[in-house]
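Coordinate inspection notes
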Amino acid sequence: MKLGNWHERWQIRNINFHLSQVHPDLIKYVSELTLPAQGRCFVPLCGKSLDLEWIAKNLGHQVTGVEFSPIPIQEFFSEHNLTAHRENQQNHVLYKAQNIEIYQGDFFSLPSTLNHQFDWIYDRASLVAINPEQRKDYVKKCTSMLKEDGKILLLSFHYDPESFEGPPHSLSKDQIQKLYGGAFSITHLAETPISMGSMKDGFHAVYKLSLLK
Ligand SMILES: C[S@@+](CC[C@H](N)C(=O)[O-])C[C@H]1O[C@@H](n2cnc3c(N)ncnc32)[C@H](O)[C@@H]1O
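Some remarks on the site of the ligand
Every one of the 18 residues lining the ligand counts as a neighbour, but Leu45, Glu67, Asp106, Phe107 and Arg124 are closest to it. At 2.9 Å, a backbone N or O of Leu45 approaches a nitrogen atom of the ligand. At 2.9 Å from a nitrogen atom of the ligand is found a main-chain nitrogen or oxygen belonging to Phe107. For the ligand, whose free accessible area comes to 600 Å², the fraction covered by protein is 96%. At a threshold of 2 Å from the grid points, most atoms of the ligand map onto the largest pocket. Residues belonging to the shell around the ligand are distributed by class as follows: 11 nonpolar, four polar and three charged. Of the residues that make up the shell around the ligand, three or more belong to each of domain 1 (1–12 + 37–114) and domain 2 (125–213).

In structure tokens:
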């Protein structure tokens, strides 16, 4: 899907991926990552997820998101009664309030100053949202942003790819192993059946990825 189409989905409110609650698997599994007390978290393709605020408030972490459409970013700050400071950067507009900042623009053109800055990445419906041919670049970029012993909490979907076109694009355990296995140890934490549209044999899965030394 093209970036402009994502923005259009926000304009016409075709945003069934947006949850009106904090993702239960974030709350349930984040402790598996054994994160530092004052960590820094990166949330790729963040939308206006309530999880951003939960991470900032409940874990006390600094949160950095990236989102292409300005609509969810503005809604996020106003819905949380936060006044964001805006700063124009080379390829992005950076919105900041308290310990949450969101880059508005393309994930793939985030500045290299963000390399090696994050203790962990929270990926919910993000790797599965990008076009499959961009997965390798996505994984390379995420990996470059982590500190030495960085972790990823990955919430993804897999299903019979013949039954549904996506997004979300099906992402199997083997595909995750191929994409991340060279640099990370991967722990499969959970798997639950789901049904969405014409999707057959759909599952929601949770993984912990730990950067190898
Ligand atoms: C499936 S939604 C997931 C949103 C969020 N992770 C959540 O849990 O609600 C994908 C989001 O990524 C944004 N997006 C897609 N491609 C992007 C890109 N290359 N850079 C920045 N944002 C992108 C879309 O606008 C959309 O809000």
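Overview of the packing of helix 1 (residues 3–11) against helix 4 (residues 70–79)
Think of two packed helices as two axes; the pair is described by the angle between the axes and how far apart they sit. Running from N to C, helix 1 and helix 4 point in directions that differ by 45°, and their axes come no closer than 8 Å. When the axis of helix 1 is compared with that of helix 4, the two are oblique. Residues His7, Trp10 and Gln11 of helix 1 form the contact with helix 4, whose participating residues are Pro70, Ile71, Pro72 and Glu75. Within the contact of helix 1 with helix 4, the residues separate by chemical class into four nonpolar, two polar and one charged.

Criteria and cut-off values
- Residues numbered from 1 in each chain as written.
- Predicted model: local features only at pLDDT ≥ 70, side-chain atom pairs only at ≥ 80, totals over all residues.
- Heavy atoms only, no water.
- Near = heavy atom within 4 Å.
- Polar contact = N/O pair within 3.5 Å; in protein donor to acceptor, adjacent residues only side chain to side chain.
- Areas by Shrake-Rupley, 256 points an atom, 1.4 Å probe, with all protein chains shown as cover.
- 1 Å grid on protein atoms, 1.4 Å probe; cavity = no way out; pocket = protein on both sides within 12 Å on 5 of 7 lines; lining within 4 Å.
- Sits in = over half its atoms within 2 Å of the grid points.
- Nonpolar A, V, L, I, M, F, W, Y, C, P; charged D, E, K, R; others polar.
- Domains from an automatic or database assignment.
- Axes fitted to C-alpha atoms, helices over the stretch in contact; angles between N-to-C directions.
- Helix = DSSP H or I, 4+ residues; strand = E, 2+ residues; numbered from the N terminus.
- Parallel < 35°, antiparallel > 145°, perpendicular 65-115°, else oblique.
- Contact = heavy atoms within 4.5 Å.

Don't take any of this as a statement about function, it's just geometry.
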